[in-house]
Structures are given as structure tokens and as C-alpha cells.
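Each chain, written out:
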Amino acid sequence: TRSFTDPSVSMELLRAVLQPSINEEIRGIFNKYMKFFQTAAINVRDNVGEEVDPEQLIQETCRSCLEQAKLLFSNGKKVVPRLPHEQAVPKRARQMDEELSRRGSPVPKKRKGRPPGQSLSNDRGVSGMAAWKLKVSEPVKRDGPKWDPSRLTETTTFVLGSRANKALGMGGTRGRLYIKHPHLFKYAADPQDKHWLTEQQHMRAIGGKMAYLLIEEDIRDLAASEDYRDSVDLRLEELKPFIPPAWMTEKMQKHMETLRRGGDVPPPEDPPE
């Protein structure tokens, strides 16, 4: 047991009090640079193919930035050494973290004023991207009627992700749809699914590249929303919806249920040639 007069304990408790405010300011910094990460991730997706998940790529890059930022406080060492008190203090600090995260930080938060020369556009990113800015560490909500597996029946129609991108005017940036609308249900077709899709001429043989299936109703709901309904690039005739076989629909139901419960299903891998 350590005394609360221990300097390391006192500093850790102070850190726990300030952490919510620090997190908010860190999120603001990442939002300022998010436009660069988004543009780069989309370019990678376009160059490499649909097996690249831009959302995951951005999250990994943000985590890497935080890891590199540790070097600012490591006295030039590549690895930040663990402090001696870290094993003794965490229980009390975690309790404070949990309590403060529920109540919000008691530390006053700066809301007014901007550094000189910093325009509003710097925070919001390039035109048209503010509405779909990826928020660091913000979980995707997977609840409500659209995430009820019972909505997937033997008559539910689906569309390919590549066609949905074209239909909504994003044909040149295939990965943008998944970043802009991470709440959409998407299913990564496995080799068996791809074989059926190719046989039915819904898609060309694409080897090991990823192919996503989206629910047609979800895409048409997006097309009717304020963000898209007046767009001159809207091309709903590109959707080419289809009804998959019952065995594929059953797999998608299980996939949706897993995601809704907070699970993470890894993308399917094609067998080696």
C-alpha cells in the first residue's frame, strides 16, 4: 500500500483527473489532420484494391502517431520505460478514470478562441468531408432495426459495394463509401460466395481481391437522403440488385449478429493458387 503523499501517486491521480480533457484535445488535433489520412487511405484503396479497408488503415495510422508521440517524453530512447509506480497505482487511477468518464471532466474546457492564422477550414477538412469525418476512437453504432438480422430474408436484395459507390457518385474512390458511412452493414464475400457471384455474372472473377455486399435498401435510403438526393452524380441504375441464395443469406445473418454484439469477424481469405 502506498501513501497518498507519495509524489508518484499524487501525479497519477492528477493525470486521471485531467485525462478526459487531454483526450478531447487530442481528438481535436487528429480531426485537424484527418483529411490527409482520409485522402491517403482512399488512394491506397484505389491503387491496391478492395481488399484494403480504409477505415482500419486510418485507425492504425492514428495509433502509430500516438506511439511515435511517446518519444517526446522518452529522453531520446526508442522505448518508453515503465515507471516503478505503474504497478502500484493503477487500481485507484482506473477507478478515477471510470468515474470521470461517466461524469465528464471537472476541468474547464476551452471552447473559445483559435490560434492565430488557424482558419475554420483547417478543423473541418476539405469541402464536403466535414459530414463524414472519422472520429478517433469513436465506436461504430450497430443497433436499431437496420442491424436486426431478421430483416435479411430470402427475398432481400443486395448490391456489390463497387456498384453502390458508382451509384452514389463515388465511382473513382471505391473505399469512400465505407469511410463516409461506417454504420452501413457490409459483408465480405468468401471464395464460395465469389464463385456464385461470378457464375451468375454479377461480378467478374477478381482473384484474391475483396468483394463487399451491401443491402440495396440501405443504399437507396442513402440516395434519398439530403446528402445525395440532389446530386448530379447519382446513378441508381448502376446498382444492379440481386437476390443471393438462401445459404449465402444465412451467412450474412450470422455475420450481422456477430457485428451487432460487438464481435469482429476477420475478412475471409482466398485459398492459395
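No experiment lies behind these values; they were computed from the predicted model shown.

What counts, and where the lines are drawn
- Counting of residues starts from 1 at the beginning of each chain's written sequence and follows it residue by residue.
- Only residues with pLDDT of 70 or above have their local features reported here, since the model is predicted, and side-chain atom pairs are shown and tallied only from 80 upward, although totals for entire chains, interfaces and linings are computed over all residues.
- Side-chain descriptors were evaluated using all non-hydrogen atoms of the structure, hydrogens and water having been removed beforehand.
- DSSP bridges decide pairing: two strands pair if at least two such bridges lie between them.
- Helix and strand assignments come from DSSP, with helices taken as H or I runs of at least 4 residues and strands as E runs of at least 2, each series counted from the N terminus.
- Axis definition: a line fitted to C-alpha atoms, limited for helices to the stretch in contact. Angles are taken between N-to-C directions and run from 0 to 180 degrees.
- Along the chain, pLDDT gives the predictor's confidence residue by residue, from 0 to 100.
- Residue contacts follow a heavy-atom distance rule, with two residues in contact if any of their heavy atoms lie within 4.5 Å.
- Relative accessibility thresholds used throughout: buried, under 20% of the residue-type maximum; exposed, over 50%; partly exposed, between the two (1.4 Å probe, protein chains only).
- Regarding the arc, it is the one traced by the directions from the helix axis to the C-beta atoms.
- Working rule for angles: under 35 degrees goes down as roughly parallel, over 145 as roughly antiparallel, 65 to 115 as roughly perpendicular, anything else as oblique.
- Crossings are classed by handedness, with left-handed meaning an anticlockwise turn of the near helix from the far one by less than a right angle and right-handed meaning a clockwise turn.
- Residue type decides the class: Asp, Glu, Lys and Arg count as charged, Ala, Val, Leu, Ile, Met, Phe, Trp, Tyr, Cys and Pro as nonpolar, and the leftover types, Gly among them, as polar.
- For this analysis, a ring pair means two rings from Phe, Tyr or Trp (six-membered ring only for Trp) whose centres lie within 6.5 Å, classed as stacked if their planes differ by under 30 degrees, edge-to-face if by over 60, and tilted for the remaining angles.
- Ring-over charges, as used throughout, are those where CZ of Arg or NZ of Lys falls within 6 Å of the ring centre and within 35 degrees of the ring normal.

(A) Looking closely at the sheet that holds strand E3 (residues 212-215). Taking strand neighbours across the sheet as the criterion, the three strands line up as E1-E3-E2 in an open arrangement whose pairing is antiparallel. If you trace the sheet from one side to the other, it starts and ends with strand E1 (158-160) and strand E2 (186-188), each paired once. Within the sheet, the average angular offset between the axes of one strand and its neighbour, ignoring direction, is 30°. Here E2 runs beside E3; their pairing, made up of three bridges, is antiparallel. Paired with lysine 186 across the bridge in E3 is leucine 214.

(B) View of the confidence of the model for the protein. Averaged over all residues, the pLDDT of the protein is 75; the fraction at 70 or higher stands at 67%. Confidence, read as mean pLDDT per element, is least for helix H4 (residues 120-124) in the protein (39) and greatest for E1 (93). Scored below 50 in pLDDT, residues 79-89 makes 10 contacts in the model with residues more than four places away or belonging to other chains.

(C) Fine view of helix H7 (residues 191-199). Three or more residues of H7 are buried, namely Asp193, Lys194, Trp196 and Leu197. One face of H7 carries all of its buried residues, which in axial projection span an arc of 160°. Exposed residues pointing more than 90 degrees away from the buried face of H7 are listed as His195 and Glu199. Lining the buried residues of H7 we find E1, E2, E3 and helix H9 (246-260). Of the residues one or two after H7, glutamine 201 is the one with positive phi, at around 60°.

(D) Quick look at the packing of H7 against H9. At a minimum axis distance of 11 Å, the contact between H7 and H9 shows a crossing angle of 140°. Looking at the two axes, H7 sits oblique to H9. As H7 packs across H9, the resulting crossing turns out to be left-handed. Counted together, Gln192, Asp193 and Trp196 of H7 and Trp247, Met248 and Lys251 of H9 form the full contact between these two elements. Grouping the constituent residues of the contact of H7 with H9 by class yields three nonpolar, one polar and two charged.

(E) Inspection of the packing of aromatic side chains at higher detail. All told, the structure shown has four aromatic pairs when counted by the stated rule. Their ring planes at 50° and their centres at 6.2 Å tell us that tryptophan 196 and phenylalanine 242 sit as a pair that is tilted. Remark: phenylalanine 242 occurs in the loop between helix H8 (216-223) and H9 and tryptophan 196 occurs in helix H7; sequence separation between them is 46 residues. Residue classification places tryptophan 196 among the buried positions, given a relative accessible area of 16%. The lysine or arginine in question, lysine 186, covers the ring of tyrosine 212, its NZ or CZ lying 5.5 Å from the ring centre.

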